[in-house]
Amino acid sequence: MKSLLFVVPTFEIGGIEIFVRNLTKELVDTYDVGLLVLSKQVDHELIKSVSKKVTIYDFTEYIYCPNLLKNINVFFNTLMPLNLKKIKNLFERFNFIHSVDSTTNELCLRIIK
């Protein structure tokens, strides 16, 4: 089965989050779907509404300073010192990686280089 990872800056209520949630519901029977959320800013009810077949990855597991994520703007999360070996291993598990905006796209490019 092909695999697809969505990289999103936050998962609070909003347009792209609802779209990603609905899209993953349609894709879980065809793809192995993952969701990497780059922030602790999440709507817990929205996260619970994501299909149980979707694996949700916590970005704090892939950076060296997870405590800094609590109080800074989500944009700066993409600049955190990464555990490149660990996050590259995550990315290599997926055939396709989709970032939802230019900031997450830059992070993905930083990881795959």
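The model shown is predicted, which means the values in this text are computed figures rather than measured ones.

### Brief notes about the side chain of Thr10
Here Thr10 is to be found in the loop between strand 1 (3-8) and helix 1 (15-27). Exposure remark for Thr10: the relative accessible area of 10% places this residue in the buried category. Within the structure, Thr10 has its side chain in polar contact with the side chain of Glu17 (distance 3.3 Å).

### A short note on the environment of Cys65
Within the fold, Cys65 resides in the loop between strand 3 (55-58) and helix 3 (74-77). Separated by 15 residues in the primary sequence, Cys65 and Met80 place their C-alpha atoms 7.2 Å from one another. Every residue in contact with Cys65, bar those within four places of it in the chain, is listed here: Met80 and Pro81.

### Things to note about the packing of aromatic side chains
A full pass over the atoms with the stated rule returns two aromatic pairs. Seen from their ring centres, Tyr31 and Phe96 are 6.4 Å apart, and the 80° between their planes marks the pair as edge-to-face. Within this pair, whereas Tyr31 is found in the loop between helix 1 and strand 2 (32-37), its partner Phe96 is found in strand 4 (residues 96-99), the two being separated by 65 residues in sequence. Classification of Phe96 by relative accessible area gives partly exposed; the value is 40%. Both rings, one in Tyr57 and one in Phe94, keep their centres 6.1 Å apart while their planes meet at 90°; by these two values the pair is edge-to-face. Remark: Phe94 occurs in the loop between helix 4 (84-92) and strand 4 and Tyr57 occurs in strand 3; sequence separation between them is 37 residues. What makes Tyr57 buried here is its relative accessible area of 15%. Looking at Phe94, the relative accessible area reads 9%, which means it is buried. If you follow Lys86 out to its NZ or CZ, it ends over the ring of Tyr62, 5.7 Å from the centre.

### Notes on the pattern of salt bridges
Applying the stated criterion across every chain, the model contains two salt bridges. Asp29 is paired through a salt bridge with Lys53; the nearest N and O atoms lie 2.9 Å apart. With Asp29 in the loop between helix 1 and strand 2 and Lys53 in the loop between helix 2 (44-48) and strand 3, this residue pair connects regions lying 24 residues apart in the sequence. For Asp29, a relative accessible area of 55% corresponds to the exposed category.

Scoring rules and cut-offs
Residues numbered from 1 in each chain as written. Predicted model: local features only at pLDDT ≥ 70, side-chain atom pairs only at ≥ 80, totals over all residues. Heavy atoms only, no water. Helix = DSSP H or I, 4+ residues; strand = E, 2+ residues; numbered from the N terminus. Buried < 20%, exposed > 50% of the residue type's maximum accessible area, 1.4 Å probe, protein only. Polar contact = N/O pair within 3.5 Å; in protein donor to acceptor, adjacent residues only side chain to side chain. Contact = heavy atoms within 4.5 Å. Phe/Tyr/Trp six-rings, centres within 6.5 Å; stacked < 30°, edge-to-face > 60°. Lys NZ or Arg CZ within 6 Å of the ring centre and 35° of its normal. Salt bridge = Lys/Arg side-chain N within 4 Å of Asp/Glu carboxyl O.

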